[in-house]
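# Fold and contact review
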Amino acid sequence: MSGSEHPPRLRSSHPKPVIGLTGSIGSGKSTVADILRDLGAAVIDSDRLIHDELRTRDVIATLHDWWGPDVVLADGGIDRKAVAEIVFHDDQELDRLQDLLYPRIERRRSEMMPGLFADASLRAVVLEVPKLFEIGLDRECDAVVLVDADRDVRIRRLAQSRGWSEDELSRRENRLIPLDRKRSLADYIVENHSTLDALRRKVESVFSSILTEFTTTQ
């Protein structure tokens, strides 16, 4: 399904549409991001930016000071699994990590945007952000696309890809804005519970609608 309860939050201040891409855990938003790249959009992947930041000397030093040598690998890099074990069992530590990383990610994203806007080959800029609504980044987007799938489908995918149980999925979802609320806030909803070809057709339709709507508001 695509569509929403309200028209897209399109704004005229951007030279090309900025699309927020988020989704339920295990929904396949990275696959949707790949399709959008194929359609001519630039994708700023927040998870990748976070991984990049976790390789910087000052972040490594800070995490070592906070949590000791157990979060640093033998090669000097951060042990992401060890960090995950800490932050996903302690809300205060998660908040502390996010307070460290999110401003850095925002700066990097802001530095990237002018070049992407100036690139005539790009049709749109996509912000792929798992916690788009939680951090309020949806307010900077012209349209928000939420990727979703049936819960049993997501549980099966996460068990195969990450070894998660249903309890683990529930534990992580409980730290987020409820999915029903996110669905009501999104401009477009892409259901991903069928084939890749079906998903591509849905994404193509949504992307075309966003480009058309954006053009008519200029």
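In what follows, the accompanying structure is described. All of these numbers come straight from a predicted model, not from anything done at the bench.

What the protein contains, in helices and strands, is nine helices and five strands. The linear arrangement of helices and strands in the protein, starting from the amino end, is β-α-β-α-α-α-α-β-β-α-α-α-β-α. Relative to a compact globule of 218 residues, whose C-alpha radius of gyration would be 17 Å, the protein shows 18 Å and is just as compact. Referenced to the eigenvectors of the C-alpha coordinate spread, the extents of the protein come out at roughly 55 × 40 × 25 Å. Relative to its 218 residues, the protein shows a buried fraction of 46%. For the protein, long-range pairs separated by at least 24 residues make up 77% of all intrachain contacts whose partners lie at least 6 apart in sequence. Within the structure as shown, the protein displays about 11,200 Å² of accessible surface, and the carbon and sulfur contribution to it stands at 49%. Within the protein, one finds 32 positive and 39 negative side-chain charges whose respective centroids are separated by 2 Å.

Here we take up the side chain of Thr22. With respect to the element layout, Thr22 can be found in strand β1 (residues 18–23). With relative accessibility at 0%, the residue Thr22 sits in the buried group. A distance of 3.0 Å separates a polar atom in the side chain of Thr22 from the backbone oxygen of Val129. Polar contacts involving the side chain of Thr22 include one to the main-chain carbonyl oxygen of Pro130, which spans 2.9 Å.

Strands sit in the order β2-β3-β1-β4-β5 across an open sheet of five strands; the sheet is parallel. On the outer flanks of this sheet lie β2 (41–45) and β5 (188–191), each paired with one strand and no other. Taken pair by pair, the neighbouring strands of this sheet meet at an average axis angle of 25 degrees, ignoring direction. Where strand β4 (residues 143–148) and β5 come together, four bridges link them in parallel fashion. Bridge pairing links Asp148 to Glu191 in β5. Against the sheet, helix α1 (residues 29–38) contacts β1, β2, β3 (124–128) and β4, and its axis sits at roughly 155 degrees relative to β1.

Every buried residue of helix α7 (residues 166–173) is listed here: Glu168, Leu169 and Arg172. Each buried residue of α7 sits inside an arc of 100 degrees when the element is viewed along its axis, so together they form one side. Buried residues along α7 sit against α6 (151–161).

The N-to-C vectors of α1 and helix α9 (residues 196–216) enclose an angle of 60 degrees; their axes lie 10 Å apart at closest approach. By the angle between their directions, the pair α1 and α9 is classed as oblique. α9 is crossed by α1, and the crossing has right-handed handedness. Taken together, the residues of α9 that come into contact with α1 (itself represented by Thr31, Val32, Ile35, Leu36 and Asp38) are Leu196, Leu199, Arg200, Val203 and Phe207. For the contact of α1 with α9, a count of residues per class yields seven nonpolar, one polar and two charged.

Moving on: helix α4 (residues 80–87). Taken together, the buried positions of α4 are occupied by Ala82, Val83 and Val87. Here the buried residues of α4 occupy an arc of 125 degrees about the axis, which is enough to place them on one side. Looking at α4, the residues exposed on the side facing more than 90 degrees away from the buried face are Lys81 and Glu85. Here the buried face of α4 lies against α3 (57–67) and α5 (91–118). Two or three places before Lys81, at the opening of α4, Asp79 has a side-chain oxygen 3.2 Å from that residue's backbone nitrogen.

Turning next to the packing of aromatic side chains. Overall, the coordinates contain one aromatic pair when judged by the stated rule. Arranged with centres 5.4 Å apart and planes meeting at 70 degrees, the rings of Trp66 and Trp67 form a pair that is edge-to-face. The ring of Trp164 is capped by Arg162, whose NZ or CZ atom sits 4.8 Å from the centre of that ring. Looking at Arg172, its charged tip hangs above the ring of Phe88, at a distance of 4.1 Å from the centre.

Parameters at a glance
- Residues numbered from 1 in each chain as written.
- Predicted model: local features only at pLDDT ≥ 70, side-chain atom pairs only at ≥ 80, totals over all residues.
- Heavy atoms only, no water.
- Helix = DSSP H or I, 4+ residues; strand = E, 2+ residues; numbered from the N terminus.
- Rg over C-alpha atoms; globule rule 2.2 N^0.38 Å.
- Buried < 20%, exposed > 50% of the residue type's maximum accessible area, 1.4 Å probe, protein only.
- Contact = heavy atoms within 4.5 Å.
- Areas by Shrake-Rupley, 256 points an atom, 1.4 Å probe, with all protein chains shown as cover.
- Lys, Arg positive; Asp, Glu negative; His and termini not counted.
- Charge placed at Lys NZ, Arg CZ, Asp CG, Glu CD.
- Polar contact = N/O pair within 3.5 Å; in protein donor to acceptor, adjacent residues only side chain to side chain.
- Pairing = 2+ DSSP bridges.
- Axes fitted to C-alpha atoms, helices over the stretch in contact; angles between N-to-C directions.
- Arc of directions from axis to C-beta.
- Parallel < 35°, antiparallel > 145°, perpendicular 65-115°, else oblique.
- Left-handed = near helix turned anticlockwise from the far one by under 90°.
- Nonpolar A, V, L, I, M, F, W, Y, C, P; charged D, E, K, R; others polar.
- Phe/Tyr/Trp six-rings, centres within 6.5 Å; stacked < 30°, edge-to-face > 60°.
- Lys NZ or Arg CZ within 6 Å of the ring centre and 35° of its normal.

Shape descriptors only; they carry no functional weight alone.
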